[in-house]
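Geometric and topological summary
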Amino acid sequence: MSDLLERLLGRGWRMTSQRRVVAEVLSGDHVHLTADEVHARAVERLPEISRSTVYNTLGELVALGEVAEVSTDGRAKRYDPNAHRSHQHLVCSGCGTIRDVHPVGDPLAGLPAEQRFGFTVAAAEITYRGRCPSCA
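Residues numbered from 1 in each chain as written. Predicted model: local features only at pLDDT ≥ 70, side-chain atom pairs only at ≥ 80, totals over all residues. Heavy atoms only, no water.

1. Points about the nonpolar core
To keep things clear, this is the line we draw: Think of a nonpolar core as a cluster: buried Ala, Val, Leu, Ile, Met, Phe, Trp, Tyr and Cys residues, connected wherever their side-chain atoms sit within 4.5 Å. Relative accessibility thresholds used throughout: buried, under 20% of the residue-type maximum; exposed, over 50%; partly exposed, between the two (1.4 Å probe, protein chains only). Starting at the N terminus, helices and strands are each numbered in turn, a helix being any DSSP run of H or I of at least four residues and a strand any DSSP run of E of at least two. Every residue pair with non-hydrogen atoms within 4.5 Å of one another is taken to be in contact.
Counting residues in each nonpolar core, the largest one holds 21 residues, and the members touching the most others are Val-22, Leu-26, Val-38, Val-54, Leu-58 and Leu-61. Mapped onto this core, the elements with two or more residues apiece are helix H1 (3-10), helix H2 (17-25), helix H3 (35-45) and helix H4 (51-64). If one sorts the elements of this core by residue count, H2 sits on top with four residues. In contact with Leu-61, not counting residues within four places along its chain, are Leu-8, Trp-13, Val-22, Leu-26, Glu-66 and Val-67.

2. Let's talk about the sheet that holds strand E3 (residues 78-80)
Note the cut-off: Strands qualify as paired when DSSP identifies two bridges or more between them.
Taken together, the three strands give an open sheet; going across it, the order is E1-E3-E2, and neighbouring strands pair in antiparallel fashion. The outermost strands of the open sheet, each flanked by one partner alone, are strand E1 (33-34) and strand E2 (68-70). By the bridge criterion, three bridges tie E2 to E3 in an arrangement that is antiparallel. In the strand pairing of E3, Ala-68 is matched with Asp-80.

3. Here's the deal with the pattern of salt bridges
Applied cut-off: By definition, a salt bridge exists where a carboxyl oxygen of Asp or Glu is found within 4 Å of a side-chain nitrogen of Lys or Arg.
Throughout the structure, instances matching the rule amount to eight salt bridges. For Arg-45, the salt bridge goes to Glu-24, with nearest N and O atoms at 3.4 Å. Of this pair, Arg-45 sits in helix H3 while Glu-24 sits in helix H2, placing them 21 residues apart in sequence. A relative accessible area of 27% means that Glu-24 is categorised as partly exposed. Through salt bridges with shared partners, a single ionic network connects Asp-3, Arg-7, Arg-11 and Glu-66.

Quick look at the structure:
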């Protein structure tokens, strides 16, 4: 069973067949699918699932904090089930592939106090950009 599915069951989330399929489609490492990609994969498993059900389920998962929405360079939003483990993203500027990365060290250490403008900084989101092997 996927980590996402286990978390949802642990929360007592009502698990319909449609919701289960969406959660199963989102399972795995480095998963950053668009809503349309989630729908296409869900239809392979459950042909009667509607696009609106997929969109609504994704919205619920984001609201619950179980899935993170990732936006890069004005491309379609992508959905990341790795919402409970701190990580950053590596994005290909060619094809848009996204990979989770786990840099070592405190990302806030590089932000000097005078550049914080009095903010109490709680988190940092860093996106690394480059070309994947296929696009290089």
